Amino acid sequence: MPRMSLVKIEARDVRNIEYAAIEPSPHLNFVVGPNASGKTSLLEAVYLLGRARSFRTSQISQVIRFGQSGLMVTGKVVNETGSAIPIGVRITRGEREIHLEGRKIQSSAELIGAFPVLVIQPSSSTLLEGAPKYRRQFLDWGVFHFEKSYLDCWRRYVRALSQRNTLLREKRLGDIELWNREVARYGTIISSARDRYAEKLKPFFLRSAAQFFEGFEFELHLQSGWSKNKTLEAALQEDVASDIRLGYTQSGPHKADFSISLEGRPARAYLSRGQMKLLVYSLLLAQALLMEESVGGSACVLIDDIASELDEHNKNRLLGLLREHPTQFFITATADRIIRDAVDHDAAVFHVEHGQVTQA
Ligand SMILES: Nc1ncnc2c1ncn2[C@@H]1O[C@H](COP(=O)(O)OP(=O)(O)OP(=O)(O)O)[C@@H](O)[C@H]1O
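Sequence positions are assigned chain by chain, starting from 1 and proceeding in written order. For a predicted model such as this one, the threshold for reporting local features is a pLDDT of at least 70, and the threshold for listing and counting side-chain atom pairs is 80 or more; totals across whole chains, interfaces and linings nevertheless cover every residue.

### A look at the UniProt feature "binding site: ATP" (unreviewed entry) in the chain
Here's step 1: UniProt positions are given in the numbering used here, feature names are shortened, and annotations may be inferred rather than shown by experiment. UniProt annotation of "binding site: ATP" (unreviewed entry) refers to Gly-33, Pro-34, Asn-35, Ala-36, Ser-37, Gly-38, Lys-39 and Thr-40 when read in the numbering used here.
Here's step 2: Inspection of the secondary structure puts Pro-34 in the loop between β3 (28-32) and α1 (39-51).
Here's step 3: Along the chain, Ala-36 turns up in the loop between β3 and α1. Runs of H or I in DSSP of at least four residues are treated as helices and runs of E of at least two as strands, each being numbered from the N terminus.

### A short note on the nonpolar core
Here's step 1: One finds Ala-45, Val-46, Val-73 and Leu-302 to be the most contacted residues of the largest nonpolar core, which totals 93 residues.
Here's step 2: What counts as a domain boundary in this text is fixed by an automatic or database domain assignment. Two domains share this core, each providing at least three of its residues, namely domain 1 (1-116 + 297-360) and domain 2 (129-296).
Here's step 3: By definition, residues are in contact whenever their C-beta atoms, placed on the basis of the backbone, come within 7 Å of each other. Beyond its immediate stretch of four places on either side in the chain, Val-73 contacts Ile-9, Ala-11, Val-14, Ala-45, Leu-48, Leu-49 and Val-89. Nonpolar core, as used here: buried Ala, Val, Leu, Ile, Met, Phe, Trp, Tyr and Cys residues forming one set through C-beta atoms within 7 Å. Our exposure labels follow a C-beta count within 10 Å of each residue's own C-beta, placed from the backbone: buried means 20 or more other C-beta atoms, exposed means 12 or fewer, and partly exposed covers the counts in between.

### Brief notes about the sheet that holds strand β9 (residues 218-223)
Here's step 1: One requirement defines pairing of two strands: DSSP has to find at least two bridges between them. Read from one edge to the other, the open sheet built from three strands follows the order β9-β10-β11, with strand pairing classed as antiparallel. Strand pairing shows two members of the sheet lacking a second neighbour, β9 and β11 (265-266), which therefore form its edges.
Here's step 2: Where β9 meets strand β10 (residues 257-262), six bridges bridge the pair, whose relative direction is antiparallel. Residue pairing in the sheet places Phe-218 in a bridge with Leu-262 of β10.

### Concerning unusual backbone geometry
Here's step 1: A positive phi angle, near 60°, is found at Asp-13, a position not held by glycine.
Here's step 2: Mapped onto the elements, Asp-13 comes out in strand β1 (residues 5-14).
Here's step 3: Notably, Arg-15 is not glycine yet its phi reads approximately 50°, a positive angle.
Here's step 4: Among the secondary structure elements, Arg-15 is positioned in the loop between β1 and β2 (17-22).

### A look at the site of the ligand
Here's step 1: The ligand sits among 16 residues. The nearest are Asn-16, Asn-35, Lys-39, Thr-40 and Ser-41.
Here's step 2: By the convention adopted, Pro, Cys, Tyr, Trp, Phe, Met, Ile, Leu, Val and Ala count as nonpolar, Lys, Arg, Asp and Glu as charged, and the other residues, Gly among them, as polar. The residue inventory of the shell around the ligand, partitioned by class, reads three nonpolar, nine polar and four charged. Residue proximity rests on one test: whether the C-beta atom, placed from the backbone, lies within 6 Å of the molecule or strand.

### What to know about the packing of helix α4 (residues 132-146) against helix α6 (residues 176-212)
Here's step 1: To get an axis, fit a line to the C-alpha atoms, keeping to the stretch in contact for a helix; angles then go from 0 to 180 degrees between the N-to-C directions. For the pair α4 and α6, interaxial distance at closest approach is 10 Å and the crossing angle is 95°. Judged by the angle between their axes, α4 and α6 are roughly perpendicular. Each of Leu-139, Gly-142, Val-143 and Phe-146 in α4 lies in contact with α6, whose residues at this interface are Ala-193, Arg-194, Tyr-197, Ala-198 and Leu-201.
Here's step 2: Here the residues of the contact of α4 with α6 are counted per class, giving seven nonpolar, one polar and one charged. Any angle that falls under 35 degrees is termed roughly parallel, while one over 145 is termed roughly antiparallel, one within 65 to 115 roughly perpendicular, and all others oblique.

Here is the structure:
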């Protein structure tokens, strides 16, 4: 069965790239060049194609090349059935246009389903070291690709939660029971979907982590966002008085989190920065592998600055792991030396200099 992969991409006015057109390999793609040449910008173009936003900034206009009024990225993705899907994303200051298979679409959700892209970058350590929202986003991205009804349920939850919060702030408690039920109904579905996903992810995560950490026993724990021994509806009912004081809902999947521990201790308290980075790699690669093996789909994984914070030994282990992994990767590095041993027959190498991209 063919795997999903990006077979063609054209980028116009993406940061310092005036124009680039490449035909990537379905497996390993190395993007090599000096600092500030435009390597991350090329990855940003791929990401734009799958998410219609940037992984570097929430202010998308920053990505438009200086002096230009807009940017455009077009590409062709071949999916598991062998069909070629054209995608186009055009961003001007204040406007975003997405085209999928010749149709103009309004929401990026459809795009995310058609071309799933994951990114691992130097700041990815925030997945384990930053606020819980990063871990919820990680879980939700995975669940979204697993259960198509998840997004709709999530939207209903957010709406119900916002209604409940308004009632709390305005101290209008007449309808609170109704909204407790709504929040509990969708919140419980979300939480169960995350639990199912985490259970599926665990063996893949442990397998990936075992490649980097010999003899370490990791555990992944999910916290639902409310007290374990009661239903969400009961927790919401009990919280009403203190929720009014605070002006927001304290219990629910919007407060969920997960943690990784090592022999009963929180991993983040014991691992070095480089090891934390390897743990993040393990989680994200597990997510991509789970997609390959269980959903019948696959993700395109972008790795920005592979050398950052990893020593030679771990870099080589990681590259070895990527070679075994059937996923499509885009990997940036400043030196050819880093990738020399990893390049084999199905790898493509792109050189970037002053925003010009050439295939080696
Ligand atoms: N909107 C923009 N228009 C034009 N150039 C930009 C824009 N935003 C950033 N740049 C410039 O684009 C260049 C390429 O940046 P990019 O981050 O892609 O480089 P890189 O090759 O990944 O570098 P490094 O190896 O240092 O991470 C930088 O010189 C940056 O200042």
